[in-house]
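# Structure assessment
Chain by chain, the residues:
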Amino acid sequence: MKVKLWLLDLNQEFLSGKDAVFLWGISNAGKRVLLVDDSVESFFFLKPLNGVDPDEAVRAAFPEGKRHGVTRMEVCDKLVLGKPVRVVKVCVDRSDNVEKAAGRLEKLKLFEKAYESDLRLSTRYLLEKNLTPSSWFEAEVEKNPFLPSIPNVEAFKVNAVRPLEEEKPPELRVMAVHLLKVGGKGSPKPEYDPIVAISTYDGKELKQYRFDGKTDRFLIEGFLDQVKKFDPDVIVGYGITEDWSYLAERCKRVDVQLEVGRNYAKPHTSVFGHVSVTGRINIDLFHNARENPQLTEYTLDEYAESLGFSVGQMIPEHKYSEYLSNPLIAEKLFKQSEECSKLIYRIWTILSDFAIQLSQITGLPIDHVFTASSGHRAEAYLIREAYSMGELIPPRVEKPYIPYAGGLVLQPQKGVYENVSVLDFSSMYPNIMLKYNISPDTYVQEGKECEDCFVSPESKHRFRKDYRGVYTRMLQNLLASRKAVREELKLVEEDSVKYRILDARQKALKILANTLYGYAGWVGARWYLREVAESAAEWGRYTIRMAIKKAEQLGMKIIYGDTDSIFVIDGEKLNELSRWIEHELELETRVEKKYRRILFTEAKKRYGGLLENGRLEVVGLEVVRGDWAEIAKDTQLEVLRIMLETMDVNKAVSYVRRIMAEIREGKVDMEKMVIWKRMTKPPEAYEVRAPHVLAALELSKKGWRIDVGDKVGYVITRGTSRIGERAKPYQLVESKDIDYEYYVKNQIVPAALRILEVFGVDEQTLLREPRKGLMAFGTE
DNA sequence: CGGGTCGTTCACCGC
DNA sequence: TAGCGGTGAACGACCCGG
């Protein structure tokens, strides 16, 4: 019989002496289904050394292979970086023996290296069958008495599968989970702090299981019953990776089995520390929060706010214990846990489309989408592309790292300009890589012959024209799909489900395409080739230089430019320029922005301007930096606004003086003086005793846990020693100890002068007491 | 030994 | 656990004159 399924999750099992892949899905009739496929074979490839005949190699190596589970060896034709190669396919009795056999055989003096021995069986299965997670497929199945029996899930043995085109995902049962953990002192420890409550929300029903005063056994059981009863397809939490291990430890103590998988299995750790729950999608939104470096503390409320949710004041974690021990306010804590589960649910609703699309496109299971880095996402896609071409997937190996030159940045002349347009190349690197067929498998090594090649402008790297590479194919597919999606988007109503799905898809496609250039230059990549990244950058610089030259020929004034953009004074020649670029350079451009007025300092990558709609945009300046005190950023923004809107220097100067006075009078909140910096290594590992390092050391001495990646907030206090030693964690400082002069001299003055310098204001002018009866500035 | 110069370390941002 | 280009603060080694 045939079934139509949406692939939720897959895992590998060893069943009656054979490897099997378990496919967990939802049928088009809404049934939860398990398909078992034990027809999958484990294998890898060996490339013979130069001069070694593959058939000879098989005969010589087979006896040794047999001892390590090799069942069969055969010679076959594959591609290695675009070149046809006869390689040996090695089949192994079970997947556990793959790496072992590959390691042994590689050592024989017959082979250069092994390919695809580091692919997991489930990955191989998806490739072989051309399936992707989070997509529909059709399976030819039959009942079989030896299959595991699982409540509420129909199990079948699979005979054949084929992918389907259908887009719309089925209705998923989603359960958001929040654990309320409270530590007596410091952070809660599962060894002695029981769970206080678990809240769940499924979009309709809110449940909460509470500590009964003696044991958390019953609340855990209550929660587990609810999981079994509701049988979620998706379990989503914030920090749920940690919650699972906390739960596991608690379960051990109170003698409960943490059976949350569809097969009753406990949660288990898979790649990159990601936790899987068999048969379900386990999503930790914390991983998504971690992608946003703007966040300081990575609390749920901060994360939710960054996504546009308005969340009221939440009880901070260090006060949990205080709340819990006071019956008058304890209820607030429980209420908050409930609200958290609702919030987690709502966040998932807005992220799920994007996650599903990314999963479909890359072929990564949906719960890996958030944990995988952008490099791994691109790589997952490349693996599929390579597989379909018959190209062997290179192993991850350590390679030496050689830096190369990147984008071109023009030096701006400081000053204010009016009517400036920004002409951007659309997806410059992807389009350049496409245009010149830049790919690791089209690269022609030095000394090798090549009749018809693209030659990079500076290093003269060559790329063959007669063959489309993995990168080229990937980009062609991504950009073509994106174009098609965007065309379709135009015909779809904006509020519809279809619009949401398509928009998520086109965004995912764009992100993947843009990642590929960086991927090429990443030493950790399977398809790393410095020459690829280097050439793309060279052609990028060449392109922007050509555009500038043409603009100048047309009599246009170039104000600035960075990598893929040029800033020009708007005029009737702009259209001519972009037409020329499209025609001669064969690249698309867009007028991305128009500034009514824009200010440049003498520095690159730092400017601010008034857009046509009146919005003030700031790039690179202190205003947008996370490591300046709020008060300095606010002041700079206001100075910039005054100057761009009114060009009134006196007004700006007196504004700054007013703020300086307020600081000295102690009228500014300490909160606005906190400087945040991220720890990039453990405090002891620093060579320099920088302010944030000393502040971090002081915090850890007081018992705070400071991890790499945490942001430390400090203020500068009064004293005569160097700044670093006067930097104190803001939590430990009273506002009377703050060194106001530091904030005036090292924060307000430099931030304000950055702008005012352009108008000839210097430090002395700014600091001088305004004289009575005279204008504040500009009368001398 | 205090004050200045200057190279280095560090974090962050732009694209 | 994607790349390079770029700015600017603070440290700390060093020099200098006293």
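For the structure itself, consult the block above.
Scoring rules and cut-offs
Residues numbered from 1 in each chain as written. Chains lettered and ligands numbered in written order. Predicted model: local features only at pLDDT ≥ 70, side-chain atom pairs only at ≥ 80, totals over all residues. Heavy atoms only, no water. Disulfide = S-S within 2.5 Å. Buried < 20%, exposed > 50% of the residue type's maximum accessible area, 1.4 Å probe, protein only. Helix = DSSP H or I, 4+ residues; strand = E, 2+ residues; numbered from the N terminus. Expected span 1.5 Å × (residues − 1). Bend = angle between axes of the 7 residues up to and from the residue. Contact = heavy atoms within 4.5 Å. Near = heavy atom within 4 Å. Polar contact = N/O pair within 3.5 Å; in protein donor to acceptor, adjacent residues only side chain to side chain. Nonpolar A, V, L, I, M, F, W, Y, C, P; charged D, E, K, R; others polar. Pairing = 2+ DSSP bridges. Axes fitted to C-alpha atoms, helices over the stretch in contact; angles between N-to-C directions.

### Things to note about the state of the cysteines
Here the structure, examined in full by the defined rule, presents one disulfide. Between the sulfur of Cys450 and that of Cys453 lies a disulfide, 1.8 Å long from S to S. Here the disulfide of Cys450 and Cys453 is right-handed, its torsion about the S-S bond being about 95°. Among the residues examined, Cys450 registers a relative accessible area of 23% and is labelled partly exposed. Counting only cysteine sulfurs, Cys76 is the nearest neighbor of Cys91, a cysteine outside any disulfide, at a range of 9.0 Å.

### Some details on helix α1 (residues 54-66)
Taking 1.5 Å per residue, 13 residues should reach 18 Å; α1 reaches 17 Å between its end C-alpha atoms and fits that length. At Ala60, α1 shows its largest kink, close to 35°, and the proline Pro63 lies no more than four residues downstream. Restricting attention to buried positions, one finds in α1 the residues Pro54, Ala57, Val58, Ala61, Glu64 and Gly65. Buried residues along α1 sit against β4 (42-48), β5 (70-80), β6 (83-92), α2 (98-107) and β7 (111-115).

### Observations concerning the protein's contact with DNA strand C
Around DNA strand C, 30 residues are found, and the nearest of them are Ser373, Tyr401, Lys604, Gly724 and Tyr742. Looking at DNA strand C alone, sugar and phosphate atoms form 81% of those within 4 Å of the protein. Take Ser374: an N or O atom from its side chain is 2.8 Å from a base nitrogen of DNA strand C. For DNA strand C, a phosphate oxygen lies 2.5 Å from a polar atom in the backbone of Gly724. At four residues, the largest contribution of residues to the surface near DNA strand C is made by helix α21 (residues 740-756). By residue class, the composition of the surface near DNA strand C is 14 nonpolar, 10 polar and six charged.

### So, the sheet that holds β6
If you walk across this open sheet you meet the four strands as β5-β6-β4-β7, and the pairing is antiparallel. In the strand order of this sheet, the two ends are held by β5 and β7, each with one partner. Strand-to-strand twist in this sheet, taken as the mean axis angle between neighbours without regard to direction, amounts to 30°. As paired strands, β4 and β6 are joined by five bridges and run antiparallel to one another. By the bridge assignment for β6, Phe43 is matched with Cys91. Strands β4, β5, β6 and β7 of the sheet are contacted by α2, whose axis makes an angle of about 15° with β4.

Any functional reading would require information beyond the geometric quantities listed.
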